[in-house]
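Tertiary structure, described
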Amino acid sequence: MCGVFGIFGHPEAANMTYLGLHALQHRGQESAGIVSSDGERLYGHRSMGRVQSGFSPADLATLLGDRAIGHVRYSTAGGSHLRNAQPLGVDYARGSLAVAHNGNLTNHEILRERLEARGSIFQTASDTESIVHLIAMSKKEQLRDRIAEALQQVEGAYSLLFLTERELIAVRDPRAIRPLCLGEVPSASGTARVVASEPTAFDLIGARKVRDIAPGEMLIISADGIRSEFPFAPESRKLCIFEHVYFARPDSTIQGVSVYEVRKAFGRRLAAEQPVEPGDGDLVVIPVPDSGVPAAIGFADRARAPFEMGLIRSHYVGRTFIEPQQSIRHFGVRLKLNPNRAAIEGKRVVVVDDSIVRGTTSRKIVKMIRDAGAREVHVRISSPPTRWPCYYGIDTPTRSELIASTHSVDEIRSYLTADSLGYLSLEGLVESVRAIEVREGDAASARPSADSYCHACFSGSYPIPFTPTAPARQLRMVSG
């Protein structure tokens, strides 16, 4: 998770970044931050909570300059403190530097131990700070070379934005696990360059998406223009397929593929693989809003059953999956969703959701639907069982937290108290993404191959092999 946004060459850079982060709020709600530059120095403001509550007009007025980067943070395990809010800003021998990071470094523990042995003093529990220390220790002259040398020592997922007094530098890891795209927007001084985790951030500010940043690409944006470099050894592309399942906004395009269309395709394939008998016309299909809506539309279309809004979401509550405390996650189910009795009473209900992680939320949802008068409740999930932890930035740090890692599908069905339970197959998941036409013409958005996704959370096939070390897990999982 996490969302990053950067802009260079716009007189209202801080305001544009604020709006860009607002469009990326779904990627992180724990903290938000913006660092700007007027060409002479850096200015920063960070706060806990969401963008709108953390930035007043007075705060934005202090962020001077025509260039800025911003970050919305999704915390994994621990580290819910202002000191871990990004962008991280430092002064070092070559000047000032701020960095915003989406992803997670799998060798963070090793790097931190090595850096501390050399005398580095860490101010945060974030893996991103290791990158800052590596840059500061580099002997290279140019910042882009210092960044490249630092990143050649890290492993894992990273989409990064760096800001100095003179440059904005965007970097995507060689496997392109996390998304990052380039755009442009007219400004009083010409054309401003913008970079963001998702193109929905461009829509809000009237920017145009130019292309996705390529795997292993470094973009250097300055007053002299934009330059592209590829300082890393090439690797196989491994975009996180969970972006299509849950993370990204449905109105986004990821690698040129419409997330909305992909999720509908998941639902159609799910209805084919895991059908529910239509019965006597009393079958209805309902989504778990909001992320389950497109898949439920696809399921209803293929099943030729009515689509109904059987659960009504309160839009004054955030996405419970990414709240930082377990107690909030449990309480948030009833705070967030309420059954629509008129749509489900006396009906056989197919409830479609994007995933089951721990199972506690789904169990409560099934109970709510039954209490509202449903005759039967059939649960359908538009992704495979989540059996393996993600080490690239999702809040599933141990297998013991994943219900599918220790229980069969029928055991999970029993725990949920559902009449039936069906998941989309991994083959169906990948083929559904590939079946959607790529509508963008740039080379970086060419149709992805079947093996160009990271699906380790479903398959256990990790693109970056490593062995977690338990004592330092808390540090590693406080990701960028």
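Residues numbered from 1 in each chain as written. Predicted model: local features only at pLDDT ≥ 70, side-chain atom pairs only at ≥ 80, totals over all residues. Heavy atoms only, no water.

1. Notes on the packing of aromatic side chains
- Following the criterion strictly, the structure yields seven aromatic pairs and no others.
- Ring plane angle 65 degrees and centroid distance 6.3 Å describe the contact between Y18 and F55, whose orientation is recorded as edge-to-face. Residue Y18 is located in helix α1 (residues 13-23), and its partner F55 is located in the loop between α2 (51-54) and α3 (57-61); the two are separated by 37 residues in the primary sequence. Like F55, Y18 is buried.
- Where Y246 meets F247, the ring centres are 6.0 Å apart and the plane angle is 65 degrees; that geometry is what we call edge-to-face. As far as the burial class goes, Y246 and F247 line up, both buried.
- Lying across the ring of F122, R112 places its NZ or CZ 4.2 Å from the centre.
- The ring of W388 has R399 sitting right over it, with the charged end atom 4.0 Å from the ring centre. (Phe/Tyr/Trp six-rings, centres within 6.5 Å; stacked < 30°, edge-to-face > 60°. Helix = DSSP H or I, 4+ residues; strand = E, 2+ residues; numbered from the N terminus. Buried < 20%, exposed > 50% of the residue type's maximum accessible area, 1.4 Å probe, protein only. Lys NZ or Arg CZ within 6 Å of the ring centre and 35° of its normal.)

2. A closer look at a nonpolar patch on the surface
- On the surface, a nonpolar cluster with roughly 230 Å² of combined accessible area is contributed by F307, M309 and I312.
- With respect to the helices and strands, the residue M309 is situated in the loop between α10 (293-303) and β18 (311-313).
- M309 gets classed as partly exposed once you look at its relative accessible area, which sits at 32%. (Patch = residues over 30% accessible without salt bridge, like charges linked within 9 Å, V, L, I, M, F, W, Y side chains within 5 Å. Areas by Shrake-Rupley, 256 points an atom, 1.4 Å probe, with all protein chains shown as cover. Salt bridge = Lys/Arg side-chain N within 4 Å of Asp/Glu carboxyl O.)

3. Topic: the environment of L60
- Mapped onto the elements, L60 comes out in helix α3.
- Residues L60 and I34, spaced 26 residues apart in sequence, show a C-alpha to C-alpha distance of 8.9 Å.
- Not counting chain neighbours up to four residues away, the residues in contact with L60 comprise A14, N15, Y18, I34 and F55. (Contact = heavy atoms within 4.5 Å.)

4. Digging into the pattern of salt bridges
- In this structure the tally under the stated criterion is 27 salt bridges.
- With a closest N to O distance of 2.8 Å, E243 and R27 form a salt bridge. Taken together, the residues span a long stretch of sequence, with E243 in helix α8 (residues 242-247) and R27 in the loop between α1 and β2 (31-37) at a distance of 216 residues.
- Of the residues examined, R27 reaches a relative accessible area of 0% and is grouped as buried.

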